[in-house]
Amino acid sequence: NLTRLVAEKGWENVPEEAREGIGRPAPALPEYLDFLREMYRMHEKNSSAPAGKKGASADAGFKGFVDSQLTWDRAMAEALSLEVSQDGRKNPTLVVGIMGSGHIRYGHGVPHQLSFLGVPKVTSLLNKAAGEFLIGFGIKLAVSK
């Protein structure tokens, strides 16, 4: 519900009590915005739903999409970061998160949010078929030391 609400209203217009305890996401890097724009175009092209809300501009639709993706990234990063810190101390335990590859490619998305949360040591593993863009599952490994 939160990501849908953020997509419709924007992060700044969602009341704090409706944010499910999720903090404000770090801003997207320019390269991630380019990647998300391409994903947004693919979603629009393949969607049978009407394009955006009535009266909403394409830019407003894209901004909502970005806000929603950043919220997902932040929520997953927060869950992972909680596992690498206990009582304010860093825990050297290996933490593995499984998520869609778009959330970890090129160090954007969740890795960027983890860095913003103070978890700098992150490794991502992706499965990718030669010569094609694969939207599938990636494995995110987060280790803090």
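All values derive from a computational prediction rather than experimental measurement. (Residues numbered from 1 in each chain as written. Predicted model: local features only at pLDDT ≥ 70, side-chain atom pairs only at ≥ 80, totals over all residues. Heavy atoms only, no water.)

All right, on to the overall build of the chain then. The helix and strand inventory of the chain stands at four helices and five strands. Listing every helix and strand of the chain by position from the N terminus yields α-α-α-β-β-β-α-β-β. Taken over 145 residues, the chain has a buried fraction of 38%. Contacts in the chain between residues at least 24 apart in sequence constitute 68% of all its contacts with a sequence separation of at least 6. Summing over all exposed atoms, the chain offers an accessible surface of approximately 8,900 Å²; the carbon and sulfur share of this is 55%. (Helix = DSSP H or I, 4+ residues; strand = E, 2+ residues; numbered from the N terminus. Buried < 20%, exposed > 50% of the residue type's maximum accessible area, 1.4 Å probe, protein only. Contact = heavy atoms within 4.5 Å. Areas by Shrake-Rupley, 256 points an atom, 1.4 Å probe, with all protein chains shown as cover.)

Nonpolar side chains collect at one region of the surface, where Leu94, Val96 and Ile98 lie side by side and expose about 310 Å² of accessible area between them. Within the secondary structure, Ile98 is located in strand 3 (residues 95–100). The exposure class assigned to Ile98 is exposed, which follows from its relative accessible area of 65%. (Patch = residues over 30% accessible without salt bridge, like charges linked within 9 Å, V, L, I, M, F, W, Y side chains within 5 Å. Salt bridge = Lys/Arg side-chain N within 4 Å of Asp/Glu carboxyl O.)

Below, the discussion takes up the packing of aromatic side chains. Under the counting rule described, the total for this entry stands at three aromatic pairs. Measuring from centroid to centroid gives 5.6 Å for Tyr40 and Phe62, while their planes differ by 65°, and the two rings are edge-to-face. Residue Tyr40 is found in helix 2 (residues 30–46), and its partner Phe62 is found in helix 3 (residues 58–83); the two are separated by 22 residues along the sequence. Across the pair, Phe62 and Tyr40 agree in class, each one buried. Here a set of aromatic residues connected by ring pairs shows up, and it is made of Tyr40, Phe62 and Phe65. One cation-aromatic arrangement involves Arg37 over Phe62; the distance from NZ or CZ to the ring centre is 3.9 Å. (Phe/Tyr/Trp six-rings, centres within 6.5 Å; stacked < 30°, edge-to-face > 60°. Lys NZ or Arg CZ within 6 Å of the ring centre and 35° of its normal.)

The subject of this paragraph is helix 1 (residues 2–9). All buried positions along helix 1 are accounted for by Leu2, Thr3 and Val6. All buried residues of helix 1 fall inside an arc of 95° around its axis, so they share one side. Positive phi shows up at Gly10, right after helix 1, with a value of about 90°. (Arc of directions from axis to C-beta.)

This paragraph deals with the pattern of salt bridges. Taken as a whole and judged by the stated rule, the model has four salt bridges. One salt bridge in this structure joins Lys63 and Asp67, with 2.8 Å as the shortest N-O distance. One end of the pair is Lys63 and the other is Asp67, both in helix 3 and four residues apart, which spans about a single turn. Residue Lys63 is classed as partly exposed on the basis of its relative accessible area of 40%. Its relative accessible area of 12% is what places Asp67 among the buried residues. Of the charged contacts, one joins Arg74 and Glu78 as a salt bridge, the two residues approaching to 2.5 Å between their closest N and O atoms. Residue Arg74 and its partner Glu78 are both found in helix 3; the two are separated by four residues, about one turn of the helix. Grouping residues by exposure puts Arg74 and Glu78 together as buried. Each member of the salt-bridge network shares a partner with another, and the members are Glu12, Lys63 and Asp67.

All we've got here are geometric facts, nothing functional implied.
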